[in-house]
Amino acid sequence: MRGYVNRVFDRIEDAETRRAAYVHSYGVSQCCVLLALKRGLDPELAAVIGLLHDIYSYKTGLTALHSENGADMVRVVFKRDLRDLFSEDEQTIIKSAIYHHSDKGHVHDEYDELLKDSDVLFLLSFRTSYDAIRAQRLL
Ligand SMILES: [Fe+2]
């Protein structure tokens, strides 16, 4: 799994973007693991969700609708590069979390919320201000 993610990131030409891909994706993944342990969820699945959540943006350089497109991209990746690694149920959970992660104003399933909270938690550790809706997730 990490080999696939690293290969995608290593192909990013711009050094700053490549660095951001690693820092953000592995950072969010680590936050996912910690929150999963706290919430009684599967930490390995949580780590995978964090690593894959923005892979579409980093692979294509596109940010518009990256959650929806990312879930679709991962659906295909599960049939090719990452085939036979995850059960159908696990694939559904991963795709759902990626699909919903930009919609931070609504509450979805537990792994969806785990990813949103981890994304916010990680970003807050690098920024001093954040919009109110997202910051409220940490209260
Ligand atoms: Fe994202």
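Everything numeric here is computed off the predicted structure, so don't read it as measured data. (Residues numbered from 1 in each chain as written. Predicted model: local features only at pLDDT ≥ 70, side-chain atom pairs only at ≥ 80, totals over all residues. Heavy atoms only, no water.)

Caption draft 1: Spotlight on helix 3 (residues 43-52). Helix 3 sits mainly inside the fold: 8 of its 10 residues count as buried. Restricting attention to buried positions, one finds in helix 3 the residues L45, A46, A47, V48, I49, G50, L51 and L52. (Buried < 20%, exposed > 50% of the residue type's maximum accessible area, 1.4 Å probe, protein only. Helix = DSSP H or I, 4+ residues; strand = E, 2+ residues; numbered from the N terminus.)

Caption draft 2: Seen up close, the pattern of salt bridges. Following the criterion strictly, the structure yields 4 salt bridges and no others. A salt bridge links R39 to D117; the nearest nitrogen and oxygen atoms lie 2.7 Å apart. Placement of R39 in helix 2 (residues 15-39) and of D117 in helix 7 (residues 110-124) is noted, with a sequence separation of 78 residues between them. When its relative accessible area of 39% is taken as the criterion, R39 is described as partly exposed. (Salt bridge = Lys/Arg side-chain N within 4 Å of Asp/Glu carboxyl O.)

Caption draft 3: Focus on the environment of S25. Here S25 lies in helix 2. Taking the C-alpha atoms as reference points, S25 and A46, 21 residues apart in sequence, are found 12 Å from one another. Setting aside chain neighbours within four positions, we find S25 in contact with F9, A20, G50, L51 and Y58. (Contact = heavy atoms within 4.5 Å.)

Caption draft 4: Region of interest: the packing of aromatic side chains. On inspection of all chains with the given rule, the structure shows 4 aromatic pairs. Taking the centre distance of 5.5 Å and the plane angle of 80 degrees together, the rings of F9 and Y58 count as edge-to-face. In this pair, F9 is assigned in helix 1 (residues 2-10) and Y58 in helix 4 (residues 55-60), connecting sequence segments 49 residues apart. The burial state of F9 is the same as that of Y58; both residues are buried. For the pair Y22 and Y26, a centre-to-centre distance of 6.0 Å together with 20 degrees between the ring planes defines the contact as stacked. Taken together, the residues span about one helical turn, with Y22 and Y26 both in helix 2 at a distance of 4 residues. With relative accessibility at 24%, the residue Y22 sits in the partly exposed group. Counting every residue linked through ring pairs, the aromatic cluster contains F9, Y22, Y26 and Y58. (Phe/Tyr/Trp six-rings, centres within 6.5 Å; stacked < 30°, edge-to-face > 60°.)

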